[in-house]
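One letter stands for each residue in the lines below.
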Amino acid sequence: DVSKLALDFACASITDARGGAAPSSAFEAAPAPDARRSGSAASLANSSGAPASHAELRVERGLPAAAPDLLLVSHVLGELASAERAELVRLARTSAAVLWVEPGARETSRALASVRDELLDAFDVGAPCTHAERCPLFAAGADAEWCHAFARPPREVFTSSTWAKLGARLSIDLRSVPYSFLA
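Scope of this entry: the structure provided in the associated data block. Everything quoted here is computed from the prediction, not taken from an experiment. (Residues numbered from 1 in each chain as written. Predicted model: local features only at pLDDT ≥ 70, side-chain atom pairs only at ≥ 80, totals over all residues. Heavy atoms only, no water.)

The subject of this paragraph is the packing of helix α1 (residues 82-94) against helix α2 (residues 106-119). For the pair α1 and α2, interaxial distance at closest approach is 10 Å and the crossing angle is 45°. Comparing their axes, α2 and α1 come out oblique. In the crossing of α1 with α2, the sense of the turn from one axis to the other is right-handed. Residues R85, V89, A92 and R93 of α1 lie in contact with α2, whose contacting residues are A111, S114, V115, E118 and L119. (Axes fitted to C-alpha atoms, helices over the stretch in contact; angles between N-to-C directions. Helix = DSSP H or I, 4+ residues; strand = E, 2+ residues; numbered from the N terminus. Parallel < 35°, antiparallel > 145°, perpendicular 65-115°, else oblique. Left-handed = near helix turned anticlockwise from the far one by under 90°. Contact = heavy atoms within 4.5 Å.)

With respect to the secondary-structure elements, A86 resides in helix α1. You can call A86 partly exposed: its relative accessible area is 45%. It is 9.5 Å that separates the C-alpha atoms of A86 and V115, two residues lying 29 residues apart in sequence. (Buried < 20%, exposed > 50% of the residue type's maximum accessible area, 1.4 Å probe, protein only.)

Take the environment of R110 next. Looking at the element boundaries, R110 is found in helix α2. In this structure R110 comes out as buried when scored by relative accessible area, which is 13%. Put simply, R110 and H148 are 38 residues apart on the chain and 9.6 Å apart in space, counted from C-alpha to C-alpha. Polar contacts involving the side chain of R110 include one to the main-chain carbonyl oxygen of A142, which spans 3.1 Å. (Polar contact = N/O pair within 3.5 Å; in protein donor to acceptor, adjacent residues only side chain to side chain.)

Below, the discussion takes up the packing of aromatic side chains. Under the counting rule described, the total for this entry stands at one aromatic pair. Seen from their ring centres, Y179 and F181 are 5.9 Å apart, and the 40° between their planes marks the pair as tilted. Exposure remark for Y179: the relative accessible area of 27% places this residue in the partly exposed category. Using a relative accessible area of 23% as the deciding quantity, one classes F181 as partly exposed. (Phe/Tyr/Trp six-rings, centres within 6.5 Å; stacked < 30°, edge-to-face > 60°.)

Our next topic: unusual backbone geometry. A cis amide bond links A127 to the next residue, P128, at an omega of 0°. You can see P128 is positioned in the loop between α2 and β6 (149-151). Positive phi outside glycine occurs at H75, with the angle close to 55°. Relative to the elements of secondary structure, H75 occurs in the loop between β4 (70-74) and α1. The phi angle at S171 is positive, at roughly 60°, despite the residue not being glycine. Mapped onto the elements of the fold, S171 is located in the loop between α4 (161-170) and β7 (177-182).

Between its first and last C-alpha atoms α2 spans 20 Å; for 14 residues at 1.5 Å apiece the expected length is 20 Å, and the two agree. Among all positions in α2, only T108, S109, R110, L112, A113, V115, R116, D117 and L119 are buried. Along its buried surface, α2 packs onto α1, β5 (97-103) and β7. (Expected span 1.5 Å × (residues − 1).)

Structure below.
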């Protein structure tokens, strides 16, 4: 049950591993003294790289030496080499909490389900599946299946020509954005 997840915990460190132009340097560790989830999750980073609600945060490149309290991972499975993926899974295994989001495409969704299976002995999965068994996506006959949900797009996607042009340029339908996640 997702409502039982501890989303209000104090954390001393947050590591944000996200995809981008330089995947091998996409890991940012942000020590957050006495940081708590006090603001909106949509709080964007300021010019120093720290969330606006925590301007004292320091952003560093590379994987942290110690496991963070919270590991945020986004859009990396399609970009990481196998050694980098293994290092990220090792970091997830030792982190206090993990939130991992990937595109909802079949290949990345199944890769994330594989990560979930690798981490089953390290932490209790809160979502999307709360059971502690192997992912049923890997059962015989489930080769065409994948686990994904759909994000609700901002209202502007339906009313702004800018969004329509962006969707056409990227060849994606912004009215329905699939994603896969692990918490």
